[in-house]
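The lines below spell out each chain.
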Amino acid sequence: MSTTTRQGAYATGQYRNLLQEYGYAPEAIDARVEACWNGLFGDAPETRIYYEAGEDMGYLLDTGNLDVRTEGMSYGMMMAVQMDRKDVFDRIWRWTMAHMYLEEGPNAGYFAWSCLPDGTRNSNGPAPDGEEFFALALLFASHRWGDGMEAPLDYGRQARKLLQACIHKGENGDGFPMWNPANKLIKFVPNVEFTDPSYHLPHFYELFAEWAEPEDRDFWREAAAASRDYLPIACHPVTGLAPEYAHYDGTPNDERGYGRFFSDSYRVAANLGLDAEWFGGDPRHGEIAERILAFFADKSPDDYRRYELDGKPLEEKSLHPVGLLSTNAAAALAAPGSAHAQAAVRLFWDTPLREGERRYYDNCLYFFSLLMLSGRYRIWEPMQA
């Protein structure tokens, strides 16, 4: 199934606990995971990003922009299914379907990417990084907990319906697909023809190729291969840095100033790590991870910047330094032999959750990286009959 050369947890059922391999005590790792979950989803005002709404709904707040995004909602659902918190998962999904789901217009079948906390939409357009996380979180929920009898808690059906929209919209003149049908690359948004390297999740597409509607599975296999081939041409050959926006040929798209390494770009490193954990990793991706780890090895988080892809620092400081050091640590899963891997993980372990108004994005990346590094970001397969 995988185009990679080494086996990962999908084949072996074994998940690496890199933190334990590096000497951290299992009890301390367990405590950190629980503390981080409680920090994000509990009542601590300095770190929380999840808020209940009414009797049966909840949302994750982008605390820097004071809105609710499909990015955060889909991340929250993935976190909840990994932590076996069906109650939280269902609250987030109900809010999403009530306020974000688009039933009319060219984006029908997708989700509005930004809403106010009261559910008012800021946009009627989608962002595909949300849809791909929604789909896999729903499939995992279906497999871990079983499907509900009624919508929207019929998780598997909802996931397959969404995946069909993502690749078939536009065939009847009804909008645009989220993946380019010819090159199988994910778009930044459906109605443009460029991409965001941090959206490329070949390890997700491998699983869609197993569990999507049968007629769509070949597409997802091709998409996994296409994204694995794309990342090496989008990341700089010396620094490993990726732009936020890029053309299909891998060159940066800087028309709106997003052709440099900044906030979206941070996720590439973590994506490389999780692909390696689940499917063994592509050797080319291991080289990218090694370059990223080497580039940041001598840089202090206090001085992280926006960077040109060749590593030239610009004046603007990073908005999310905790998020960046977290994803760099996760890259160690793709390059565990790197001379810089253990130091990156140590920096992550020694850094607490972020507090303050910018905490949302940092702490999402922090918690995902913690799940990856502790072997707790897992593939949930269908329950055996």
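Overview of the structure.

What counts and how
- Residues numbered from 1 in each chain as written.
- Predicted model: local features only at pLDDT ≥ 70, side-chain atom pairs only at ≥ 80, totals over all residues.
- Heavy atoms only, no water.
- Helix = DSSP H or I, 4+ residues; strand = E, 2+ residues; numbered from the N terminus.
- Rg over C-alpha atoms; globule rule 2.2 N^0.38 Å.
- Buried < 20%, exposed > 50% of the residue type's maximum accessible area, 1.4 Å probe, protein only.
- Contact = heavy atoms within 4.5 Å.
- Areas by Shrake-Rupley, 256 points an atom, 1.4 Å probe, with all protein chains shown as cover.
- Lys, Arg positive; Asp, Glu negative; His and termini not counted.
- Charge placed at Lys NZ, Arg CZ, Asp CG, Glu CD.
- Polar contact = N/O pair within 3.5 Å; in protein donor to acceptor, adjacent residues only side chain to side chain.
- Phe/Tyr/Trp six-rings, centres within 6.5 Å; stacked < 30°, edge-to-face > 60°.
- Axes fitted to C-alpha atoms, helices over the stretch in contact; angles between N-to-C directions.
- Parallel < 35°, antiparallel > 145°, perpendicular 65-115°, else oblique.
- Pairing = 2+ DSSP bridges.
- Core = buried A, V, L, I, M, F, W, Y, C linked by side-chain atoms within 4.5 Å.
- Salt bridge = Lys/Arg side-chain N within 4 Å of Asp/Glu carboxyl O.

**Quick word on the overall build of the protein**
- The helix and strand inventory of the protein stands at 14 helices and 6 strands.
- In terms of C-alpha radius of gyration, the protein reaches 19 Å, essentially the compact-globule figure of 21 Å for 385 residues.
- Principal-axis analysis of the C-alpha atoms places the extent of the protein at approximately 50 × 45 × 45 Å.
- Taken across its 385 residues, the protein has 61% of its residues classed as buried.
- Residue pairs in contact within the protein that sit at least 24 positions apart in sequence constitute 67% of those at least 6 positions apart.
- Counting every atom, the protein has about 14900 Å² of accessible surface; 48% of that belongs to carbon and sulfur.
- Looking at the protein, you have 36 positive and 58 negative side-chain charges, and the mean spots of the two groups are 2 Å apart.

**Re unusual backbone geometry**
- That bond from A151 to P152 is cis: its omega, 5°, falls within 30 degrees of zero.
- Position of P152 among the secondary structure elements: in the loop between α6 (128–145) and α7 (155–168).
- One non-glycine residue, K184, lies in the positive phi region at around 65°.
- Here K184 lies in the loop between α7 and α8 (202–211).
- Taking relative accessible area as the criterion, K184 reaches 13% and is therefore assigned buried.

**Quick notes on the side chain of D154**
- Position of D154 relative to the elements: it lies in the loop between α6 and α7.
- Here the side chain of D154 touches Q158 through a polar contact of 3.0 Å, side chain to side chain.
- When near neighbours in sequence (up to four residues on either side) are disregarded, D154 contacts D147 and G148.

**Focus: the packing of aromatic side chains**
- Taken as a whole and assessed by the stated rule, the structure comprises 42 aromatic pairs.
- A ring pair is formed by Y245 and Y258, whose centres lie 4.5 Å apart and whose planes are at 25°; its orientation type is stacked. Within this pair, whereas Y245 is found in the loop between α9 (217–234) and α10 (267–279), its partner Y258 is found in the loop between α9 and α10, the two being separated by 13 residues in sequence.
- Each residue in the set Y75, F133, F140, F204, W211, W278, F368 and Y377 is aromatic and connected to the rest through ring pairs, giving one cluster.

**Thoughts on the packing of α8 against α10**
- α10 packs onto α8 with a crossing angle of 40° between their chain directions and a minimal axis gap of 8 Å. Overall, the two elements α8 and α10 adopt an arrangement that is oblique. Each of P202, H203, F204, E206 and L207 in α8 lies in contact with α10, whose residues at this interface are N271, L274, D275, W278 and F279.

**Observations concerning the pairing of strand β2 (residues 57–60)**
- As judged from the 4 bridges shared by strand β1 (residues 50–53) and β2, these two strands associate in the antiparallel manner. Bridging from a neighbouring strand, Y51 pairs with Y59 of β2.

**Things to note about the nonpolar core**
- Counting residues in each nonpolar core, the largest one holds 131 residues, and the members touching the most others are F204, W220 and W278.
- Among the elements that line this core, the one with the most residues is helix α14 (residues 359–373), at 11 residues.
- Grouped together as the second largest cluster of nonpolar side chains are 6 residues, Y230, A234, A246 and Y248 included.

**Here we look at the pattern of salt bridges**
- Scanning the entire structure with this criterion turns up 30 salt bridges.
- Put simply, D30 and R376 hold a salt bridge, and the shortest N to O gap is 2.0 Å. Residue D30 is located in helix α3 (residues 26–41), and its partner R376 is located in the segment after α14; the two are separated by 346 residues in the primary sequence.
- For D30, a relative accessible area of 38% corresponds to the partly exposed category.
- Notably, a salt bridge pairs R354 with D362, separated by 2.9 Å at the nearest N-O pair.
- By sharing partners, the salt bridges in this structure join E71, D129, D264 and R267 into a single network.

**Considering the side chain of D216**
- Tracing the chain through its elements places D216 in the loop between α8 and α9.
- Although D216 is buried, it makes no salt bridge; R217 carries the closest opposite charge, 8.2 Å away.

**Digging into the pairing of strand β6 (residues 313–317)**
- Where strand β5 (residues 305–307) lies against β6, 2 bridges are found, and the strand directions are antiparallel. The partner of R305 across the bridge, within β6, is K317.
- Here β5 hands over to β6 after 5 residues, with G311 in that stretch at a positive phi of 100°.

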